[in-house]
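# Architecture at a glance
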Amino acid sequence: MSAVSCSTASSSGGCGFRFQSPANHSPNYIRIRKPCQSDRFCMCRLALVHGNRKARGTTVRMALVDQRQSTDTNVADPPRILAYDLVQGALVKWRWKEDKSVPDTPTALLLHGILGSGKNWGTFARRLAHEFPTWQFLLVDLRCHGDSASLKKRGPHSVASTASDVLKLVGQLKLTPRVLVGHSFGGKVVLSMVEQAAKPLPRPVRAWVLDATPGKVRAGGDGEDHPRELISFLRKLPKVVLSKREISNALIKEGFSNDVAQWVVTNLRPTGPSSSSFSWVFDLDGIAELYQSYEDTNLWNFVENLPRGVHVNFLKAERSLHRWALEDLQRIHAAEEIASEEGGGVEMHVLEDAGHWVHTDNPDGLFRILSSSFQVFRA
């Protein structure tokens, strides 16, 4: 397969670089709005753009739909779990779920932080897909965020329940992620996933926790953007607004940085096809509950007693918005020694020249650090 695309997984609020792909390593981009509706396809409907190699210069568009849906009344619709994108490397071969002759495609999971969405990882995932063309990358909109906000979830809204959602999703898709990457809130979700799961996660599995600690969250210092204050301010704003600039200006006037203001308004969508007004795509009440859980959830016991075959990598941004206490660093380094003795693995990394938004501030450095996981599992 050369290049597959539908509604590209963009980098809204995500990476700030452009990556030019070689013609013979174009990744496949599969935009999935809804979880699967039948047990024959992993996705209920795919709009696929198959771009032939540059020498041919042609593009074929096709839509694949399981035709049994209209004739077989015995096919039960599985519950909708989460919205997601799947970015595939050029050498990934599409396969039927029932085809056991094809080995599982190496899969990595990328999770966003509070007030983000899977799109935050779009550009970075495409870069990974170019470099590691046998891999595919699952980008998830977590509960209360992005396109998953319309899929109402029962409470409590917590790190644990969010991790459970993602485990159910990969189980439904019959994927076995070998690499898990989570930024900020998503990092704690990754830890909770590994803690909860025997399946559908494989062993070994490599987990990356980007600029988050297992325990107490110490967000923001003087003059920095505080997530709790940001969420509180957004909850006071009208649910329908006339322009993105109106919200951006209000955030800057309140004291939030221009970067945060520009990132937040990417979560505004037109209220209708021809409407000039906008509304939020996320559930702010649910997100407030998720952030409280993020601050309160303590996973140190899991990190200090890792099961065999689990390797956890912590990455601290040099100019982190989240203050890393000396105690956090000492405990992680102590866990490194314990894990190596028990057959697990804990490592600490520092990303230079980066603030909390690691995949925007220093994407090249982050790419170099994360690449080690995909080289270990290179198929």
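This one's a predicted model, so the numbers in the text were calculated from it and none came from an experiment. (Residues numbered from 1 in each chain as written. Predicted model: local features only at pLDDT ≥ 70, side-chain atom pairs only at ≥ 80, totals over all residues. Heavy atoms only, no water.)

## With respect to the overall build of the chain
For the chain, the count of helices and strands is 11 helices and 13 strands. Scored against the burial criterion, the 379 residues of the chain give a buried share of 55%. Relative to all contacts within the chain whose residues are 6 or more apart in sequence, the contacts with residues 24 or more apart total 79%. Only carbon and sulfur atoms are counted for the fraction: they give 48% of the accessible area of the chain, which is about 17,200 Å². (Helix = DSSP H or I, 4+ residues; strand = E, 2+ residues; numbered from the N terminus. Buried < 20%, exposed > 50% of the residue type's maximum accessible area, 1.4 Å probe, protein only. Contact = heavy atoms within 4.5 Å. Areas by Shrake-Rupley, 256 points an atom, 1.4 Å probe, with all protein chains shown as cover.)

## Details of the nonpolar core
Counting 70 residues, the largest nonpolar core has Leu115, Leu138 and Leu234 as its most contacted members. Per-domain counts for this core show at least three residues from each of domain 1 (84-219 + 289-376) and domain 2 (227-282). Residues within four places of Leu115 in sequence aside, it is in contact with His145, Leu230, Ile231, Leu234, Trp263, Asn267, Phe282, Leu284 and Ile287. Counting 26 residues, the second-largest nonpolar core is a separate cluster that includes Trp121, Val179, Leu315 and Val358. (Core = buried A, V, L, I, M, F, W, Y, C linked by side-chain atoms within 4.5 Å. Domains from an automatic or database assignment.)

## Points about the pattern of salt bridges
The final tally for this structure, using the stated rule, is seven salt bridges. Of the charged contacts, one joins Arg143 and Asp165 as a salt bridge, the two residues approaching to 2.7 Å between their closest N and O atoms. Placement of the pair is Arg143 in the loop between β6 (136-141) and α2 (159-172) and Asp165 in helix α2, with a sequence separation of 22 residues. Asp165 shares its class with Arg143; the two are buried. For Asp353, the salt bridge is made with Arg319, and the minimal N-O distance between the two is 3.6 Å. Note that Asp353 is positioned in strand β13 (residues 345-355) and Arg319 in strand β12 (residues 310-319), a separation of 34 residues in sequence. (Salt bridge = Lys/Arg side-chain N within 4 Å of Asp/Glu carboxyl O.)

## So, helix α4 (residues 227-236)
When we look at burial in α4, the residues that qualify are Pro227, Leu230, Ile231, Phe233 and Leu234. For α4, the buried positions fall inside an angular range of 165 degrees around the axis, keeping them on one side. (Arc of directions from axis to C-beta.)

## Topic: the packing of aromatic side chains
Applying the stated rule across the entire model yields 11 aromatic pairs. Geometrically, the ring pair formed by Tyr291 and Tyr294 is tilted, given 5.7 Å between the ring centres and 55 degrees between the ring planes. Taken as a pair, Tyr291 and Tyr294 lie in helix α7 (residues 284-296) at a separation of three residues, close to a single helical turn. Just as Tyr291 is buried, Tyr294 falls in that class too. An aromatic cluster of at least three residues, connected via ring pairs, comprises Phe132, Trp135, Phe137 and Phe374. Its end group placed over the ring of Phe367, Arg127 keeps NZ or CZ at 4.4 Å from the ring centre. Across from the ring centre of Trp300, 4.4 Å away, lies the NZ or CZ of Arg331, which sits over that ring. (Phe/Tyr/Trp six-rings, centres within 6.5 Å; stacked < 30°, edge-to-face > 60°. Lys NZ or Arg CZ within 6 Å of the ring centre and 35° of its normal.)

## Quick word on the side chain of Gln88
Relative to the helices and strands, Gln88 resides in strand β4 (residues 83-88). According to the relative accessible area criterion, Gln88 is buried, its value standing at 2%.

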